[in-house]
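Next come the chains, spelled out residue by residue.
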Amino acid sequence: MATTITAMTPTYTTTRDSPDANVAHANLTSANLTGADLGDANLIDANLTYANLTGANLTRATLDGANLTGANLTSAIGYR
């Protein structure tokens, strides 16, 4: 199963063969990432303001400088 992240443009896709998404510096404001597998993803300085990350897997994701203001992290895995 692939996870597709669309943030205006471009579109980022992760697959089982290449699971590591690189969305550093992406503007994902209000993005619906419910249940997305973002394990090991590079989210450095990504703008995730008001993003819906309900049930998303953030295990080992790099979140340095990411803006999570107002983000819904209900049941997110691997986020502390």
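All of these numbers come straight from a predicted model, not from anything done at the bench. (Residues numbered from 1 in each chain as written. Predicted model: local features only at pLDDT ≥ 70, side-chain atom pairs only at ≥ 80, totals over all residues. Heavy atoms only, no water.)

## Re the overall build of the protein
Okay, so step 1: If you tally the helices and strands in the protein, you get zero helices and two strands.
Okay, so step 2: Among the 80 residues that make up the protein, the fraction classed as buried is 34%.
Okay, so step 3: Sequence-distant contacts in the protein: of pairs separated by 6 or more residues, those separated by 24 or more amount to 3%.
Okay, so step 4: Approximately 4,700 Å² of the protein is accessible, and the part contributed by carbon and sulfur atoms is 47%. (Helix = DSSP H or I, 4+ residues; strand = E, 2+ residues; numbered from the N terminus. Buried < 20%, exposed > 50% of the residue type's maximum accessible area, 1.4 Å probe, protein only. Contact = heavy atoms within 4.5 Å. Areas by Shrake-Rupley, 256 points an atom, 1.4 Å probe, with all protein chains shown as cover.)

## Re the pattern of salt bridges
Okay, so step 1: Overall, the coordinates contain one salt bridge when judged by the stated rule.
Okay, so step 2: Close ionic contact of D40 with R60 constitutes a salt bridge, the shortest N to O distance being 2.9 Å. Taken as a pair, D40 in the segment after β2 (11–14) and R60 in the segment after β2 lie far apart in primary sequence, 20 residues in all. (Salt bridge = Lys/Arg side-chain N within 4 Å of Asp/Glu carboxyl O.)

## A few points about the environment of D37
Okay, so step 1: Note that D37 resides in the segment after β2.
Okay, so step 2: Spatially, the C-alpha atom of D37 lies 7.1 Å from that of L58, the residues being 21 residues apart in sequence.
Okay, so step 3: Polar contacts involving the side chain of D37 include one to the main-chain amide nitrogen of G39, which spans 3.1 Å.
Okay, so step 4: One polar contact links D37 to N57, side chain to side chain, over a distance of 3.3 Å. (Polar contact = N/O pair within 3.5 Å; in protein donor to acceptor, adjacent residues only side chain to side chain.)

## Side note on the nonpolar core
Okay, so step 1: Of all hydrophobic cores here, the largest spans 21 residues; its most connected members are L28, L33, L38, L43, L48, L53 and L58.
Okay, so step 2: When near neighbours in sequence (up to four residues on either side) are disregarded, L43 contacts V23, A24, L38, L58, A61, T62, L63, D64 and A66. (Core = buried A, V, L, I, M, F, W, Y, C linked by side-chain atoms within 4.5 Å.)

## Focus on unusual backbone geometry
Okay, so step 1: Here D40, not a glycine, exhibits a phi torsion of approximately 70 degrees, which is positive.
Okay, so step 2: Judged by relative accessible area, which is 34%, D40 ranks as partly exposed.
Okay, so step 3: With a phi close to 60 degrees, Y50 is a non-glycine residue in the positive phi region.
Okay, so step 4: Examined against the element boundaries, Y50 turns out to sit in the segment after β2.
Okay, so step 5: On the basis of relative accessibility, which here comes to 55%, the residue Y50 falls in the exposed class.

## Description of the environment of G35
Okay, so step 1: In this structure, G35 sits in the segment after β2.
Okay, so step 2: Sequence separation between G35 and L58 is 23 residues; the distance between their C-alpha atoms is 9.9 Å.
Okay, so step 3: Excluding its chain neighbours within four sequence positions, the residues that come into contact with G35 are T54, G55 and A56.

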